[in-house]
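# Survey of secondary and tertiary structure
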Amino acid sequence: MAPGYAPLSFTPPEPGTYGLPAMGVAGDGQVLDSQGRATNLHDYLGTKPTVLSFIFTTCDDVNGCPLATYVMRSVQDALQADPDTADKARLVSFSFDPVFDTPDVIDAYGSQFRTDNFDWQFLTTSGPESLDPILSAYGQWVIRDYDDNGDYTGTMSHILRVFLIDKNRNIRNIYSTSFLHADTVANDVRSLLMEQ
Amino acid sequence: MIWKMLISSVVAALLLVQPTSADETCMSPYMAKIVGQEDYVYIWTLGLEGVGNGEDKLVTVDVNPDSKTYGTVIHSLSMGGRNEAHHSGLTDDRRFLWASGLDTNKIFIFDVHTDPAAPSLHRTIDDFVSKTGGVVGPHTSYALPGRMLITGLSNNRDHGGRTGMAEYTNEGDFITSVWMPTDDNLQGAVKSGNFADGYGYDARALPRRNALVTSSFTGWNNYMMNLGKMMGDAEAMKRFGNTVVIWDLHARTPKKILDVPGAPLEIRCAWGSQSDYCFTTTALTSKVWLIYEDDAGEWQAKAVADIGDASKIPLPVDISISADDNHLWVNTWNDGKVRLYDISNPHAPVQVMEEQIGEQVNMVSQSWDGERVYFTSSLLANWDKTTASEGNDLQYFKLYNWDGETLTPEFNLDFIELGLGAPHQMRFGAHALYGGATAQSPSGLASPTAH
């Protein structure tokens, strides 16, 4: 099991005591929100620190997308518990399976995790023509699996990546499975808030 | 059907996305790795005047025994000149191979995913020194999530050993740099012994302990000097690193400076989920050192084994830890030997095997299953021997099979006879990493438990 499921095994550096140098501008693209409205990804980035994860709802690898969502929920809980941060950060779970993850599906998926008062958005796309440029912009490559007839099986492999994006839409950190833990992610969010 | 099943296992592996790898056992724990048969070895090769076109090259050797071109060079990409080609490393998604030049400070980023059998040059970074504020000698390319950590060996002020590290995005855009802690600027680190030299060389991470471990070699003035001249220069011989630094991995700040005298070079950390230790070897004092977290949570360093007869300067170079953390391969450049240590008790390694590989053996890379061990010669352009003491075995890429007791030669490629140059760092490639498969034998991939 990934470290993100267990208590953090070290004392993390205090928020604001370390740098999170910018890693470039977060990509944009056309997306659908959980109500099916066409919009842009950038509409959900900027103005406040955002944690963005790429997932698909049928992913069954415990150390893949479920880990990302587990950690996001823990980050939500941690930030919401503090009045100073409760409404000052955003989470975005973005599906890279437009075939199965329709707006209705991601809305139902999201309802299992988000609380009423926290800014946690669940997004998808209308198809590969919208999705692929976004994946490319984030270096989030995916291998889609096809059956013997060349039909997409609905499964795919990918490198788990979760992005920390600041209010100016700059990427400030990237987490993968070994690195992804709610305590460090929440501290990174707090660090960005202390810059403001 | 078998193909489909194997690919399915590959998919599962990549979804884990967990880390690891080792040459396959020696790379970043953030990386997917090849646990089955590798298809290719990419060899970053130093150009030699009078050998072929004399240019540095990325050489691709087919190492899949089911392939018709097994054991041969199937691709060679020349760099247009010589850069003091040395180390290389893969990005966390294994789509790009970074390879650097210690003299020109160029970093070449190769695309190894579009056609794993024929890497192409994707981008060249030629402003490393200015971007980093004066770091010289890009050495280790180490994958962190979505980015590469580049260690330096020197600086542009005096070309000595004081240096720093830099971070780049996987695409090759500069992010930041940090200097190694020194006596006059400890940067908050605890100097635990006699040294705070600010030198650099290798880097490895233990994410579970939030630790980054760095070692220390020497500066441009020394690594570009003729070896015989340097050995006879008492002042030059004083200018080698004597430290290992423990960093806060998340904050990228130095925490503790440990004395490890005698130029600690490669660092290899244990894979076990409760194994909070790494090994390094010292080039000048010929010892295996254990870098470990003690029961009180304090990082410590201690010499735990001798490597040959230190008085004869065997010069330990590359090391490779086995996937089960039970064995450590140690190459010694000067006597051309590999030694295998039982490190099941990391505090008391025991040498269990010694074998002559060839003159100036340098790098060693083993497969994750431990059954194949690859070796290359060549250390540095001005340190390498130019004539063989016997035969023609100066610059080579060799594969041995390992059955747990005996190394059995499988093939040997003479890089001079082939007009290629002096081979150095090896990295593995496989079609299955990118959703493909070789015709007969797809590679198995996996991502083991994180640190």
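Residues numbered from 1 in each chain as written. Chains lettered and ligands numbered in written order. Predicted model: local features only at pLDDT ≥ 70, side-chain atom pairs only at ≥ 80, totals over all residues. Heavy atoms only, no water.

### Description of the overall build of chain B
Looking only at helices and strands, chain B has 5 helices and 33 strands in total. When burial is assessed residue by residue, chain B has 64% of its 451 residues classed as buried. In chain B, once contacts between residues fewer than 6 apart in sequence are set aside, the share between residues at least 24 apart is 57%. Total accessible area computed for chain B in this model is approximately 14,500 Å², and 48% of it derives from carbon and sulfur atoms. (Helix = DSSP H or I, 4+ residues; strand = E, 2+ residues; numbered from the N terminus. Buried < 20%, exposed > 50% of the residue type's maximum accessible area, 1.4 Å probe, protein only. Contact = heavy atoms within 4.5 Å. Areas by Shrake-Rupley, 256 points an atom, 1.4 Å probe, with all protein chains shown as cover.)

### Details of the overall build of chain A
Tallying secondary structure elements over chain A gives 4 helices and 9 strands in all. Secondary structure elements in chain A, listed N-terminal to C-terminal, are β-β-β-α-β-α-β-α-β-β-β-β-α. For chain A, the C-alpha radius of gyration of 16 Å lies close to 16 Å, the compact-globule estimate for 196 residues. In terms of overall dimensions, chain A has C-alpha extents of about 55 × 35 × 30 Å along its principal axes. Each of the 196 residues in chain A was classed as buried or not, and the buried ones make up 58%. As displayed, chain A has an accessible area near 7,800 Å², and 48% of this comes from carbon and sulfur atoms. Averaging the locations of the 12 positively and 26 negatively charged side chains of chain A gives two centres separated by 9 Å. (Rg over C-alpha atoms; globule rule 2.2 N^0.38 Å. Lys, Arg positive; Asp, Glu negative; His and termini not counted. Charge placed at Lys NZ, Arg CZ, Asp CG, Glu CD.)

### Brief notes about the sheet that holds strand E31 (residues 407–414) of chain B
All names here are of chain B. In spatial order, the strands read E28-E29-E30-E31; together these 4 strands make up an open sheet with antiparallel pairing. In this open sheet, the two strands that pair with only one neighbour each are strand E28 (361–366) and E31. Within the sheet, the average angular offset between the axes of one strand and its neighbour, ignoring direction, is 20°. For strand E29 (residues 372–377) and strand E30 (residues 396–402), the ladder comprises 5 bridges, and the chain directions are antiparallel. Residue Tyr374 lies in a different strand from E30, and its bridge partner there is Leu399. (Pairing = 2+ DSSP bridges. Axes fitted to C-alpha atoms, helices over the stretch in contact; angles between N-to-C directions.)

### Considering the packing of aromatic side chains
Any pair of aromatic rings gets described here by the distance separating the centres and the angle formed by the planes. All names here are of chain B. Under the counting rule described, the total for this entry stands at 29 aromatic pairs over all chains. Feature note: the residues Tyr70, Tyr374, Phe397, Phe411 and Phe428 constitute an aromatic cluster, connected by ring pairs. The ring of Trp333 carries Lys385 above its face, with NZ or CZ at 5.7 Å from the centroid. Positioned above the aromatic ring of Tyr396 is the side chain of Lys398, whose terminal nitrogen or guanidinium carbon lies 4.2 Å from the ring centre. (Phe/Tyr/Trp six-rings, centres within 6.5 Å; stacked < 30°, edge-to-face > 60°. Lys NZ or Arg CZ within 6 Å of the ring centre and 35° of its normal.)

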